[in-house]
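Per-entry structural report
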Amino acid sequence: MEFGDKIRHRFPIYSQEDNKSMVYLDTGASSQRLDTVLSRMEEYHLDYNANIHRGVYPMSERATAEYEQVREKVSSFLNGAHGDVVFTKNATEAINLVAQSFGGMVLEKDDIILVSEMEHHANIVPWQMIAEKTGALVQRIRVTAQGEIDMNAYQELLQSKPKIVAITHVSNVLGTINPIKEIVALAHTTGARVIVDGSQAVHHLKVDLQALGADFYVFTGHKVYGPTGVGVLWGKKELLEQIPPYQGGGDMIESVSFEGTTYMPSPTKFEAGTPPIASVIALGAAIEFLEEVDYDELHQYEERLRIQLERGLSSIEGVSIIG
């Protein structure tokens, strides 16, 4: 049985009469939802709907425990033991958090931020915004005609000693898988910090953050068969401890008075207000599913689909395949 046939029944939308023969081609924008993701959300709302970190009654204590277990689960899934997992509302907010808090702390006038030409605008605009605020400069990393990072051009740009490199792990347009380990290693030789957008990677590749060496890594729940409203920022502990909070209020407060306020340590200081509790808990179900996936089998299946698609597209006059 094909890989796709084995997992199709896990997505309830395909059991709807109008969708039984549907072929969904927009997962790059947003995936369909797993059965366990939907049931986990329903279970929270029906059985223990309560706020977290502030109640001493059973429902709140259970919600808190479930929420924090997902943090540990995500860290383990990414092999991110030497960093903290921060929950945001999506990958875009995670990148904005890094741009405003970390970028706002380290960037000065004429400092350079390198951003590749193949980025989603969510990994371009936040850097333009912080550059405008600090006087820093955003420079592009060129992409070749084959849809790959021009590594020679990248190494030349590194001679200018940029402060930050922002790069996607897998392009949402080209499908290109970037050599992140090499890109990060080269950046670190010049003192640059690297943020990687993994939104298109974590459900296709086995991501090992210890091996990749990235300083920050982000992805979003709704592209990994999970719910909307939750994203993940993973960052190295020493960096997250240094940078200021992105927003204020709620659990991120240690103590507050009109004379001054102190903040909780990372990751709590980055999770202002009531977080997306149900979405975080349901994200845990999506991570559990991905942990069970045989990535070798997945890659073989994707390769067969790619060949089938390219053959079909190549038969259409005027179509050029890039990437």
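The structure contained in this document is the topic of the report that follows. Just so you know, these numbers come straight off a predicted model, no measurement behind them.

Attention shifts here to the overall build of the protein chain. Broken down by element type, the protein chain carries 11 helices and 9 strands. Over its C-alpha atoms the protein chain spans a radius of gyration of 21 Å, differing by no more than 12% from the 20 Å that the globule rule assigns to 323 residues. Principal-axis analysis of the C-alpha atoms places the extent of the protein chain at approximately 70 × 55 × 30 Å. In the protein chain, which comprises 323 residues, the share counted as buried stands at 47%.

Once that is clear, we can look at the sheet that holds strand β5 (residues 193-197). If you walk across this open sheet you meet the 7 strands as β1-β7-β6-β5-β4-β2-β3, and the pairing is mixed. Strands with a single pairing partner mark the edges of an open sheet, and in this sheet they are β1 (83-88) and β3 (137-141). On average, adjacent strands in this sheet sit at an angle of 20° to one another, irrespective of strand direction. Here 3 bridges tie strand β2 (residues 112-116) to strand β4 (residues 164-168), and the two strands are oriented parallel to one another.

Quick look at a nonpolar patch on the surface now. A contiguous nonpolar surface patch, about 230 Å² in accessible area, is contributed by Ile316, Val319 and Ile321. Counting through the fold element by element, Ile316 comes out in the segment after α11 (295-314). Residue Ile316 is classed as partly exposed on the basis of its relative accessible area of 44%.

This part is about the packing of aromatic side chains. Within this structure, the stated rule accounts for 8 aromatic pairs. Consider the rings of Phe3 and Tyr301, whose centres lie 5.9 Å apart with planes at 45°: the pair is tilted. With Phe3 in helix α1 (residues 3-8) and Tyr301 in helix α11, this residue pair connects regions lying 298 residues apart in the sequence. Residue classification places Tyr301 among the buried residues on the basis of a relative accessible area of 18%. Ring geometry for Tyr67 against Phe87: centres 5.3 Å apart, planes inclined by 70°, an arrangement best described as edge-to-face. Placement of the pair is Tyr67 in helix α3 (residues 58-77) and Phe87 in strand β1, with a sequence separation of 20 residues. Taken individually, Tyr67 and Phe87 each receive the classification buried, so the pair is uniform in this respect. By way of ring pairs, the aromatic residues Phe11, Tyr14, Tyr225 and Phe289 are connected into one cluster.

This part is about the environment of Ala65. Tracing the sequence through the fold places Ala65 in helix α3. Sequence separation between Ala65 and Asn79 is 14 residues; the distance between their C-alpha atoms is 21 Å.

For residues other than glycine, phi is negative in most cases, and the peptide bonds are mostly trans. Residue Pro267 is reached from Ser266 by a cis peptide bond, and omega for that bond is 5°. Its place among the elements puts Pro267 in the loop between β9 (260-263) and α10 (277-292). Despite not being glycine, His53 shows a phi value in the positive range, around 65°. Mapped onto the elements of the fold, His53 is located in the loop between α2 (35-47) and α3. Non-glycine residue Tyr225 carries a positive phi angle of around 70°.

All right, on to helix α6 (residues 151-158) then. Those residues of α6 not exposed but buried are Met151, Ala153, Tyr154, Leu157 and Leu158. Seen along its axis, α6 keeps its buried residues to an arc of 155°; they face one direction. Away from the buried face of α6 by more than 90 degrees, exposed residues Asn152 and Glu156 are located. Lining the buried residues of α6 we find β2, β3, β4 and α7 (180-189). The N-cap residue of α6 is Asp150: its side-chain oxygen and the backbone nitrogen of Asn152 are 3.2 Å apart.

Turning our eyes to something else, we now look at the environment of Glu119. Structurally, the position occupied by Glu119 is in the loop between β2 and α5 (125-134). Leaving out residues up to four positions away in the same chain, Glu119 has contacts with Ile124, Ala166, Ile167 and Thr168. A distance of 2.4 Å separates polar atoms of two side chains, one belonging to Glu119 and the other to Ser116. At 2.8 Å, the side chain of Glu119 and the side chain of Asn123 are in polar contact.

Moving on, we come to the pattern of salt bridges. As enumerated under the stated definition, the model contains 21 salt bridges in all. The salt bridge partner of Lys109 is Asp110, with a shortest N-O separation of 3.5 Å. Across the salt bridge formed by Asp111 and Lys163, the nearest N and O atoms sit 2.8 Å from each other. Of this pair, Asp111 sits in the loop between α4 (91-106) and β2 while Lys163 sits in the loop between α6 and β4, placing them 52 residues apart in sequence. Each of Arg40, Lys73 and Glu288 takes part in a single network of salt bridges with overlapping partners.

Classification of Asp111 by relative accessible area gives buried; the value is 16%. Within polar-contact distance, the side chain of Asp111 engages the side chain of Lys163 at 2.8 Å. In this structure, Asp111 is in contact with Val106, Ala136, Leu137 and Lys163, ignoring residues within four places of it in sequence.

About the thresholds
- Residues numbered from 1 in each chain as written.
- Predicted model: local features only at pLDDT ≥ 70, side-chain atom pairs only at ≥ 80, totals over all residues.
- Heavy atoms only, no water.
- Helix = DSSP H or I, 4+ residues; strand = E, 2+ residues; numbered from the N terminus.
- Rg over C-alpha atoms; globule rule 2.2 N^0.38 Å.
- Buried < 20%, exposed > 50% of the residue type's maximum accessible area, 1.4 Å probe, protein only.
- Pairing = 2+ DSSP bridges.
- Axes fitted to C-alpha atoms, helices over the stretch in contact; angles between N-to-C directions.
- Patch = residues over 30% accessible without salt bridge, like charges linked within 9 Å, V, L, I, M, F, W, Y side chains within 5 Å.
- Areas by Shrake-Rupley, 256 points an atom, 1.4 Å probe, with all protein chains shown as cover.
- Salt bridge = Lys/Arg side-chain N within 4 Å of Asp/Glu carboxyl O.
- Phe/Tyr/Trp six-rings, centres within 6.5 Å; stacked < 30°, edge-to-face > 60°.
- Arc of directions from axis to C-beta.
- Contact = heavy atoms within 4.5 Å.
- Polar contact = N/O pair within 3.5 Å; in protein donor to acceptor, adjacent residues only side chain to side chain.

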